Amino acid sequence: MKNPIQNLILAFCILFANISFADIPSATGWENGTSESFQDGTGSGTRSVQSSVVKTGTYAFRVNPVGGGSGALAIGCPNAVGNVAISCNVADAYIGFHYRVDTLPASGYIVFAKPLNTGTGAGAMLHLRQNSDGTLAVADSGNTLKGTSATALSTGTWYWIEINTKPGGAAAYSLRINGVTEISGTANQGGSNFGLIHVSYTHHTLQTIILL
């Protein structure tokens, strides 16, 4: 997790899908200008709902847009009364997001998002990396590299990124860029279902979230 001075702008449209059930229990885009009940409020660092960098609509949720600090936010599923449930508890999760990078890491990579297992203190299922050459990479629960995209992202351009994750010591995963599978295989993704998506480190913007 290198290079705290990169300027990443990340607009998320997060999509959790159970293969057998494609209903939509909730969605949020921060369009009321504040953090809403569909987010887990236990994040850290500098965070704000802002309107200067968005893909659509008026507002997006941004984590530390400038400087060398860092921030984080964990996003879960709502419970029956509309508050965030700490765990989505999905066995086969599909997570999609709009992503834009404005300044790449000077060298190496940063981890910009991690799907987390269920349970208190649960660890990462996968680590999503932004490399300094513009490519994306996927690492396993222990942050061991599993694969790198053929596509290098251009700065200032929006991309639609999708991740499929499921628990297991050698469970299948995939990463797609604009609908094309770039990385796939098996990885150690922990022993429990998908619970939260953790957006971490510096310079990220989140936007629309849809839970399927």
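Residues numbered from 1 in each chain as written. Predicted model: local features only at pLDDT ≥ 70, side-chain atom pairs only at ≥ 80, totals over all residues. Heavy atoms only, no water.

Trainee: Teacher, can you tell me more about the packing of aromatic side chains here?
Mentor: Two descriptors summarise a pair of aromatic rings, namely the distance from one centre to the other and the angle between the planes of the rings. Summed over the entire model, instances satisfying the criterion amount to one aromatic pair. The aromatic ring of Tyr109 is capped on one face by Arg129, whose charged end is 4.0 Å from the ring centroid. (Phe/Tyr/Trp six-rings, centres within 6.5 Å; stacked < 30°, edge-to-face > 60°. Lys NZ or Arg CZ within 6 Å of the ring centre and 35° of its normal.)

Trainee: Even after reading the chapter, I still don't get the pairing of strand E14 (residues 145-152), so can you show me in this structure?
Mentor: Two faces make up the sheet, and in a regular strand the side chains alternate between them. Summarising the sheet, strand E13 (residues 135-139) and E14 pair through four bridges and their orientation is antiparallel. The residue bridging Val138 from the neighbouring strand is Gly147, located in E14. Where E13 folds back on E14, the antiparallel hairpin that results is connected by five residues, among which Asn143 adopts a positive phi of roughly 65°. (Pairing = 2+ DSSP bridges. Helix = DSSP H or I, 4+ residues; strand = E, 2+ residues; numbered from the N terminus.)

Trainee: I'm lost on the pairing of strand E12 (residues 127-131) in this one. Help?
Mentor: Summarising burial for E12: five of the five residues are buried, a large majority. Of the two faces of E12, the one carrying His127, Arg129 and Asn131 and the one carrying Leu128 and Gln130 are both buried. The sheet contact formed by strand E11 (residues 109-117) and E12 spans four bridges and is antiparallel. Considered in E12, the bridge of Val111 is made with Arg129. Pairing of E12 with E13, which is carried by four bridges, proceeds in the antiparallel orientation. Note that in E13 the partner of His127 across the bridge is Ala139. What sits between the antiparallel neighbours E12 and E13 is a turn of three residues, in which Gly134 has the positive phi angle 95°. (Buried < 20%, exposed > 50% of the residue type's maximum accessible area, 1.4 Å probe, protein only.)

Trainee: Help me understand the confidence of the model for the protein, please; the structure alone is not making it clear to me.
Mentor: With 68% of its residues at a pLDDT of at least 70, the protein reaches an overall mean of 77. For the stretch residues 1-10, pLDDT sits under 50, and the model shows 60 contacts to residues farther than four places along the chain or on other chains. Taken as a whole, residues 16-22 scores under 50 in pLDDT and shows 19 contacts with residues more than four places along the chain or in a different chain. (pLDDT = per-residue confidence, 0-100. Contact = heavy atoms within 4.5 Å.)

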